[in-house]
Amino acid sequence: MGFFDSLVLPQSAEHITLLHYMTKLILFVFLPFLSVLIGGATISVFYKNKGLKENNSIFLRFAKEIIELITINKTAGLLMGLLPMLALIFIYSQLLHLAKVASVTYLIFSLVTITIGVILIFTYRYSLSVKKIIDSSSNPNDEAKDLSENLSTLNNKSGTWGLIMLYVASYFFIAGTTYAIYPESWDASFSVFNLFLSLPIFTKWIYFIVASHAIAGALILFTYFYWEGGRQELSDDFATLVKNSTLKITLTFALAQPILLLINVVLLPSTALSVGVFGFVVIALFILFLVFHFLYDMIKNSHVKFSGWVFILLIFVSVSLIISEQLSLSNSTRKHSAILAADYEVKKKELLGDKGIAAISGAEIYQARCASCHAFDKRLVGPPYKETLPKYQGNIEKLIQFIRNPTKIDPAYPPMPNPGLKPNEARAVAEYIFEKYKVQ
Ligand code: HEC
C-alpha cells in the first residue's frame, strides 16, 4: 500500500529484530481480545436466537450477560481492538517494505471490517439492553410495543451482520499474516481467487475460530465461577445453564484444536521451519492436554473448581502459538530482512554523505575539490597529473600525505592550498586519480 509504504523508515537489522518483539507483544493482547469477541458474540447470538425461539428468558439473560462481559466498554474495544490493529499494519509495512506481497492490504481490509464489526456488536449489545428495559414495563402502550419490535429487528440485524463482519475481518487478518510467512506465494497473494482457495490460510482461520470459541467459553467459566470468588447471586437454574453449556462448548472446541494445529504445522513452508517453531507448538499441545484433563474432571465430577486454570492455560496456549508463528515469520522473512538491512546501510550512507562523513566517492571529491586547478594532461593552476603522478606510483601513502598537507615543490607553480580533506577522503581521491591515470 503506497500510503503506508511512504511512512516507512529504513530499518537496520537491529530494528527489524525489535519489530518482531513488538509484534509478539501486540498479538498477546490483540489475539485473545479478538478471540473472545468472536467466540463470545457467537455464543451470545446463538443463545439469543434460542431464547426467542423457545421463549426462554434464561437463555435471553445469558445472551445479554455474555455480550456485556466480552465487550467490556467502548474504550476497551477501541484500545484493545483497533489500536493494536493499526500498530500491526505499521509494523508489517516496515517488515515487508519493498516486498511484493498483499499482506498489508489484507490487514487494512481487516482493520476496516473489524471496525464495522465492533460497531455492530456494540449496537447489538445496547439494543438488547434497551429492549429488555422496555419489555419489562408492566403495561406497555402501542408506542412502546412498536419501539420494542424495531429494536428487535435492529438487534437481529446488528448481531448477525456484526458476526459476519468479525468472521470476515479475522479471515483477512489471518490471510495478511499468513502470506507473510510464505515468500513463494507472495506473487500469488494479489489474486482474490488464491485468497479464498489457499489451504494454509483456510485451516489457520478455522483453527482461530475454533480456538476463539474455546477461549470465550473458558472466559465465561472464569468470570462466573472463579474471578473474585465467582458470582454469588446466581439462581440455581441459571448457574446450571452457564456451567453445562460453557463446559461443553469449551471442551468441544478445545478437543478440535490439536488436529488442526498439526495440519497447520505440516502446511508450513520449509523456509519457516526451525526448532523453536516446533518447540512452541509442542508446548501448546502439552498445555492443551492439561486443559482436557481439567475440563474432563469438571464435567465428570460436576464441579467448576478448575475454571480459573482452564482460562489461564488456554491463554498460554495462544501465547506459545503466537511465539511459534512469529518465529516462523522471522525465519521466512530472513532473506527479505537482509535485503532491508542492506538497503538501510545504503540509505544511511546517502544521508550521512551530505555531511561528508561516510559516503566517500573519489570521483565526486575530485570534481568538487581538485578539477578546478588540475587536469590530467594540461597545465591549469597546478601541474598536469601525467607529470606529477609517476613519482607517487606504488606509494599512495605519500600522495595522500601530500594531498592532506601540500608542500612547496615546483618553483614554476604557486603553492597548492590545503584542500582540508579528511584521511578517508584524501585516500578516496588519491585512489581515484591513480585509477583514472592508469586508464589514460
Ligand atoms: C587552488 C588550486 C589547486 C587545487 C584546488 C588543488 N591543487 Fe593540487 N596543486 C596546485 C598547485 C599550484 C600545485 C603545484 C604546487 C607545487 O609544485 O609547489 C599542485 C600540485 C599538486 C600535485 C603534485 C604534487 C607534486 O608532488 O608535484 C598533486 C598530486 C596535486 N596537486 C593533487 C591535488 C589534488 C588531489 C587536489 C584535490 C584534492 C588538488 N591538488 C587541488 C593547485 C591546486
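Residues numbered from 1 in each chain as written. Predicted model: local features only at pLDDT ≥ 70, side-chain atom pairs only at ≥ 80, totals over all residues. Heavy atoms only, no water.

**Some points on the overall build of the protein chain**
Stage number 1. Across its full length, the protein chain carries 17 helices and 0 strands.
Stage number 2. Referenced to the eigenvectors of the C-alpha coordinate spread, the extents of the protein chain come out at roughly 115 × 50 × 45 Å.
Stage number 3. Within the protein chain, buried positions represent 50% of all 440 residues.
Stage number 4. Taking the contacts inside the protein chain whose residues are at least 6 apart along the sequence as the reference set, 76% of them involve residues at least 24 apart.
Stage number 5. On the protein chain, roughly 22,300 Å² of surface is accessible, and the fraction owed to carbon and sulfur atoms is 65%.
Stage number 6. In the protein chain, 37 side chains carry a positive charge and 30 a negative one; their mean positions are 5 Å apart. (Helix = DSSP H or I, 4+ residues; strand = E, 2+ residues; numbered from the N terminus. Buried < 20%, exposed > 50% of the residue type's maximum accessible area, 1.4 Å probe, protein only. Contact = heavy atoms within 4.5 Å. Areas by Shrake-Rupley, 256 points an atom, 1.4 Å probe, with all protein chains shown as cover. Lys, Arg positive; Asp, Glu negative; His and termini not counted. Charge placed at Lys NZ, Arg CZ, Asp CG, Glu CD.)

**Some remarks on the site of the ligand**
Stage number 1. Taken together, 24 residues sit near the ligand, with C370, C373, H374, Y392 and M416 positioned nearest.
Stage number 2. One of the side-chain nitrogen or oxygen atoms of K391 is found 3.0 Å away from an oxygen atom of the ligand.
Stage number 3. Contact between the ligand and Y392: an oxygen atom at 2.4 Å from a side-chain N or O atom of the residue.
Stage number 4. For the ligand, the cavity whose grid points lie within 2 Å of the majority of its atoms is the largest pocket.
Stage number 5. Counting residues per element, the ones that place at least two in the shell around the ligand are α15 (385-388) and α16 (396-404).
Stage number 6. The element contributing the most residues to the shell around the ligand is α16, with 3 residues.
Stage number 7. The residue inventory of the shell around the ligand, partitioned by class, reads 16 nonpolar, 4 polar and 4 charged. (Near = heavy atom within 4 Å. Polar contact = N/O pair within 3.5 Å; in protein donor to acceptor, adjacent residues only side chain to side chain. 1 Å grid on protein atoms, 1.4 Å probe; cavity = no way out; pocket = protein on both sides within 12 Å on 5 of 7 lines; lining within 4 Å. Sits in = over half its atoms within 2 Å of the grid points. Nonpolar A, V, L, I, M, F, W, Y, C, P; charged D, E, K, R; others polar.)

**A few points about the coordination of the iron atom of the ligand**
Geometrically, a metal with four donors at the corners of a regular tetrahedron has ideal angles of 109.5 degrees, and one with six donors at the corners of a regular octahedron has ideal angles of 90 or 180 degrees.
Stage number 1. Distances from the iron atom of the ligand to its protein donors, H374 (NE2) and M416 (SD), fall within 1.9 to 2.2 Å.
Stage number 2. One way to put it: the 6 donor atoms around the iron atom of the ligand meet at angles of 88 to 177 degrees, and that makes the site octahedral. Remark: M416 occurs in the loop between α16 and α17 (423-439) and H374 occurs in the loop between α14 (362-369) and α15; sequence separation between them is 42 residues. (Donors = N, O, S within 2.8 Å, 3.2 Å for Na, K, Ca; no water. Tetrahedral: all angles 85-135°; square planar, octahedral: opposite > 155°, others 65-115°.)

**Things to note about the packing of helix α6 (residues 142-181) against helix α12 (residues 307-332)**
Stage number 1. Put simply, α6 and α12 touch, their axes get as near as 8 Å, and they point 45 degrees apart. Relative to α12, the element α6 is oriented oblique. In this structure, α6 uses T177, A180 and I181 to contact α12, whose residues at the interface are E325, S328, L329 and S332.
Stage number 2. For the contact of α6 with α12, the per-class residue count stands at 3 nonpolar, 3 polar and 1 charged. (Axes fitted to C-alpha atoms, helices over the stretch in contact; angles between N-to-C directions. Parallel < 35°, antiparallel > 145°, perpendicular 65-115°, else oblique.)

**Considerations on the pattern of salt bridges**
Stage number 1. The full count for this structure, using the stated rule, is 6 salt bridges.
Stage number 2. In this structure, the salt-bridge partner of R61 is E65, at a minimum N-O distance of 2.9 Å. On the criterion of helical spacing, the pair formed by R61 and E65 is a turn pair, its members being 4 residues apart in helix α3 (residues 57-71).
Stage number 3. Between D135 and K131 there is a salt bridge; the shortest N-O distance is 2.8 Å. One end of the pair, D135, and the other, K131, are both in helix α5 (residues 103-135), 4 residues apart, so they sit about a helical turn from each other. (Salt bridge = Lys/Arg side-chain N within 4 Å of Asp/Glu carboxyl O.)

**Regarding the packing of aromatic side chains**
Stage number 1. In total, this model carries 26 aromatic pairs according to the counting rule given.
Stage number 2. Geometrically, the ring pair formed by Y106 and F109 is tilted, given 6.1 Å between the ring centres and 55 degrees between the ring planes. Here Y106 and its partner F109 are both found in helix α5, 3 residues apart, which amounts to about one turn of the helix.
Stage number 3. Seen from their ring centres, Y106 and F172 are 6.2 Å apart, and the 15 degrees between their planes marks the pair as stacked. Taken together, the residues Y106 in helix α5 and F172 in helix α6 connect sequence positions 66 residues apart.
Stage number 4. Y106 sits in the buried class, given a relative accessible area of 5%. (Phe/Tyr/Trp six-rings, centres within 6.5 Å; stacked < 30°, edge-to-face > 60°.)

**As for empty space enclosed by the protein**
Regions of empty space are outlined by a rolling probe, equal in size to a water molecule, passed over the atoms.
Stage number 1. Evaluated as defined, the whole model comprises 3 cavities of 30 Å³ or more.
Stage number 2. Quantified by volume, the largest cavity comes out at close to 540 Å³.
Stage number 3. Around the largest cavity, the lining is made up of 31 residues, and of these K204, Y207, L321, I322 and E325 lie nearest the centre.
Stage number 4. Every element with two or more residues in the lining of the largest cavity is listed here: α2 (13-54), α6, α8 (199-225), α10 (257-266), α11 (275-300) and α12.
Stage number 5. In terms of residue count, α12 provides more of the lining of the largest cavity than any other element does, 9 residues in total.
Stage number 6. Grouping the amino acids of the lining of the largest cavity by side-chain chemistry returns 21 nonpolar, 8 polar and 2 charged. (Points joined across faces, edges and corners; volume = space filled by probe spheres on them.)

**Digging into the layout of surface pockets**
Stage number 1. One number sums up the size of the largest pocket: a volume of about 630 Å³.
Stage number 2. H374, G382, P383, F402 and M416 are the residues nearest the centre of the largest pocket, which is lined by 30 residues in total.
Stage number 3. Among the elements of the structure, α15, α16 and α17 are those that each provide at least two residues to the lining of the largest pocket.
Stage number 4. Each residue belonging to the lining of the largest pocket can be placed in one class, and the counts come to 20 nonpolar, 5 polar and 5 charged.
Stage number 5. Considered as a void within the structure, the second largest pocket measures approximately 300 Å³ in volume.
Stage number 6. Around the second largest pocket, the lining is made up of 13 residues, and of these I16, T17, H20, S330 and R334 lie nearest the centre.
Stage number 7. Elements that contribute at least two residues to the lining of the second largest pocket include exactly α2, α12 and α13 (334-353).

**Concerning the domain arrangement of the protein chain**
Stage number 1. Assigned domains within the protein chain: domain 1 (2-345) and domain 2 (360-439).
Stage number 2. Relative to domain 2, the C-alpha centre of domain 1 lies at a distance of 68 Å. (Domains from an automatic or database assignment.)

**Structural notes on α14**
Stage number 1. G362, I365 and Y366 are the residues of α14 that are buried. Looking straight down α14, one finds that the buried residues subtend no more than 100 degrees of arc, so they occupy a single side. Counted as exposed and oriented over 90 degrees from the buried face of α14: E364, Q367 and A368. (Arc of directions from axis to C-beta.)

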